[in-house]
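Residues per chain, in single letters:
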Amino acid sequence: MTRVVGIDPALDQRTRESIRAIVDRVVVPKAAEFDRTSRVTSDVLDEFSAAGFWGAVLPESEGGTGTGMEAFGELHEEVGRGCSSMRSLLTVHSMALYALDRWGSHAYREAWSSQLVAGRRLGAFCLTEPEAGSDFTALSAFATRDGAGYVLNGHKRWITGGQLADILLVFARTDKGPSVFLVAADQPGVHRLPVPEIMGTRGSQLADIVFENCRLGPEALVGHEGMGLPIATGVLDIGRFSVAAGSVGILQACLEACVSYASKRRQGGSLLRDHQMIQQAISTVATNTRAARLLVWQAGKLKDRRDPDTIMATCIAKQFAATSAVSAANATVQLHGALGCSDEYPVARYLRDAKVMEIIEGSTQLQHVLISTDACQNRARIVPID
Ligand SMILES: Cc1cc2nc3c(=O)[nH]c(=O)nc-3n(C[C@H](O)[C@H](O)[C@H](O)COP(=O)(O)OP(=O)(O)OC[C@H]3O[C@@H](n4cnc5c(N)ncnc54)[C@H](O)[C@@H]3O)c2cc1C
């Protein structure tokens, strides 16, 4: 097995190895099935509950199972190495739990927090609409005041875990601007329409969700009316960080696949790994894996220190890790030749999953806009490392 080069890791060696072992035992053997059947199975969801993965976004001091965001990144890298669909479900669940914990009403925290931490109930994140994608300020979902509460109407698209989730973090306008609500998925007026086919993360059970005269109590409001943008910024930062870490997981999986295949396949009288162009391919994957992991590590460290630089560090990590994962997966399929195009090896799935990483939680183009704007505003300052 390819060794993971640790960078002063937050998780001690034994914890990291035990997470790796869970992913290898529980997730890796099922990932192809999840991809083929477009659904995950409850035994793996339960194993994540037993391992405390669902609550890792919250520290133990807040009732969660986590030990900080750097460690959260390491967990999401490992899960992403095994299966991007499971990592995607973990991402959106973590986003909903984070928002509930930070801005949710007392009543909702009492009702939902421990359930979400334990993974007995799952959360999803509902921002995108047919006409509001990268520009989510174009939201048209609307929550109208109704006595003390609200009536929600709107249409959300491409919701990861939308077929499974019990509670939905929903962005909708009110008279005071973009706002956020927590909506139980089984309440009247919530209609879920499964998305049948998607290129990558196929097991993450996407749904379109329509809210039709859905009545919400005042305690469903997250934060205050009009707080939608700061909440989106905070929650998307968590999602982006998870996707960056998951992309490092894809890179690591590609590296392991390349090393393994190039060490056994002979062509032209020698092993693939002894051909110089193959060496260049493996070298690029190895270098980008290490560089992406360093960027994720830095973003996680800054989060744990509550340093505002973490927002930009996360954009940079996500942009680099997602684009590198696509290039690495493309090279990995190439290195496997025809077998890379078949389902005998997982590498075609890596390529399809990696492409999704470039689109979700702020596309590559959007990251370039944000990174470039920051670089120009800050006159290309040097950000200290550590
Ligand atoms: C597998 C999957 C899972 C998803 N899960 C969720 C989820 O759980 N919750 C959720 O709310 N959404 C989810 N989404 C939706 C995702 O967040 C959006 O697809 C994404 O925000 C892009 O929006 P869009 O698809 O409408 O593309 P658009 O915004 O229409 O963009 C189209 C293209 O134009 C580019 N572009 C857009 N604006 C600019 C600009 N200013 N400058 C340069 N280029 C630009 C984009 O990068 C993209 O390449 C998911 C999508 C996928 C594919």
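The rules we used
Note on numbering: residues in each chain are counted from 1, in written sequence order. Where local features are concerned, this predicted model is filtered to residues with pLDDT of at least 70; where side-chain atom pairs are given and counted, the filter is 80 or more; whole-chain, interface and lining totals use all residues. Side-chain metrics in this entry use all non-hydrogen atoms of the structure; hydrogen atoms and water are not considered. Residue ranges for the domains originate in an automatic or database domain assignment. Residues count as neighbours in contact if any of their non-hydrogen atoms are within 4.5 Å of one another. Put simply, buried area is how much 1.4 Å-probe accessible surface two parts lose in total, over both of them, once they are put together. Under the scheme used here, helices are H or I runs from DSSP no shorter than 4 residues and strands are E runs no shorter than 2 residues, and both carry numbers assigned from the N terminus. Side-chain classes follow a simple rule in which Ala, Val, Leu, Ile, Met, Phe, Trp, Tyr, Cys and Pro form the nonpolar group, Asp, Glu, Lys and Arg form the charged group, and the remainder, Gly included, forms the polar group. Think of it in three bands: residues with accessible area under 20% of the maximum for their type are buried, residues over 50% are exposed, and the middle band is partly exposed, with areas taken using a 1.4 Å probe on protein chains only. Nearness of a residue to a molecule or strand requires only that one of the residue's heavy atoms be within 4 Å of it. For the purposes of these results, a polar contact is taken to be a pair of N or O atoms within 3.5 Å, where, inside protein, one atom must be able to donate a hydrogen and its partner to accept one; residues adjacent in sequence count only when each atom of the pair is a side-chain atom. Each accessible area is a Shrake-Rupley result for a 1.4 Å probe, and residues are judged covered by the shown protein chains and nothing else. In this scheme, a helix's expected span is set at 1.5 Å multiplied by one less than its residue total. Here, a salt bridge means any Lys or Arg side-chain nitrogen found within 4 Å of an Asp or Glu carboxyl oxygen.

## Here we look at the domain arrangement of the protein chain
And step 1. What the domain assignment lists for the protein chain is domain 1 (13–118), domain 2 (123–227) and domain 3 (229–377).
And step 2. Its C-alpha centre places domain 1 at a distance of 22 Å from the equivalent point of domain 2.
And step 3. Each partner contributes to the interface: domain 1 provides 22 residues, whereas domain 2 provides 24 residues.
And step 4. Interface area for domain 1 against domain 2, summed over the two sides, is near 2000 Å², with a carbon-plus-sulfur share of 68%.
And step 5. Of all the secondary-structure elements, those providing two or more residues to the side of domain 1 that touches domain 2 are helix 1 (13–37), helix 4 (84–103) and helix 5 (106–118).
And step 6. If you tally residues by element for the side of domain 1 that touches domain 2, the top one is helix 4, at 11 residues.
And step 7. Here the side of domain 1 that touches domain 2 is built from residues that sort into 13 nonpolar, seven polar and two charged.

## Re unusual backbone geometry
And step 1. Despite not being glycine, Trp 158 shows a phi value in the positive range, around 55 degrees.
And step 2. Among the structural elements, Trp 158 can be located in strand 3 (residues 149–159).
And step 3. Within the chain, Thr 201 stands out as a residue other than glycine whose phi angle is a positive 45 degrees.
And step 4. Residue classification places Thr 201 among the buried residues on the basis of a relative accessible area of 5%.

## Remarks on the site of the ligand
And step 1. For the ligand, the set of nearby residues contains 18 residues, the closest of which are Thr 128, Ser 134, Trp 158, Ser 363 and Gln 365.
And step 2. A distance of 2.8 Å separates a nitrogen atom of the ligand from a polar atom in the backbone of Phe 125.
And step 3. A distance of 2.6 Å separates an oxygen atom of the ligand from a polar side-chain atom of Ser 363.
And step 4. Coverage of the ligand by the protein amounts to 63% of the 960 Å² it exposes when considered alone.
And step 5. At the level of elements, strand 1 (123–126), strand 3 and helix 11 (364–377) are the ones that each hand at least two residues to the shell around the ligand.
And step 6. Residue composition of the shell around the ligand, by class: 11 nonpolar, seven polar and no charged.
And step 7. Residue-level mapping places the shell around the ligand at the junction of two domains, with at least three residues from each of domain 2 (123–227) and domain 3 (229–377).

## Digging into helix 7 (residues 276–304)
And step 1. In a regular helix each residue adds 1.5 Å, so 29 residues correspond to 42 Å; helix 7 covers 42 Å between its end C-alpha atoms and thus fits that length.
And step 2. A positive phi of about 55 degrees marks Arg 306, the residue just after helix 7.

## With respect to the pattern of salt bridges
And step 1. Counted under the stated rule, the structure contains 19 salt bridges.
And step 2. Of the charged contacts, one joins Arg 293 and Glu 77 as a salt bridge, the two residues approaching to 2.8 Å between their closest N and O atoms. Linking Arg 293 in helix 7 with Glu 77 in helix 3 (residues 69–82), this pair joins segments that are 216 residues apart in sequence.
And step 3. With relative accessibility at 7%, the residue Arg 293 sits in the buried group.
And step 4. The exposure class assigned to Glu 77 is buried, which follows from its relative accessible area of 5%.
And step 5. Close ionic contact of Asp 208 with Arg 157 constitutes a salt bridge, the shortest N to O distance being 3.1 Å. Of this pair, Asp 208 sits in strand 7 (residues 207–216) while Arg 157 sits in strand 3, and the two are 51 residues apart along the sequence.
And step 6. With a relative accessible area of 28%, Arg 157 lands in the partly exposed category.
And step 7. Look at the salt bridges and you will find they share partners, linking Arg 16, Arg 20, Asp 24, Glu 74, Glu 77, Glu 78, Arg 81, Glu 256 and Arg 293 into a network.

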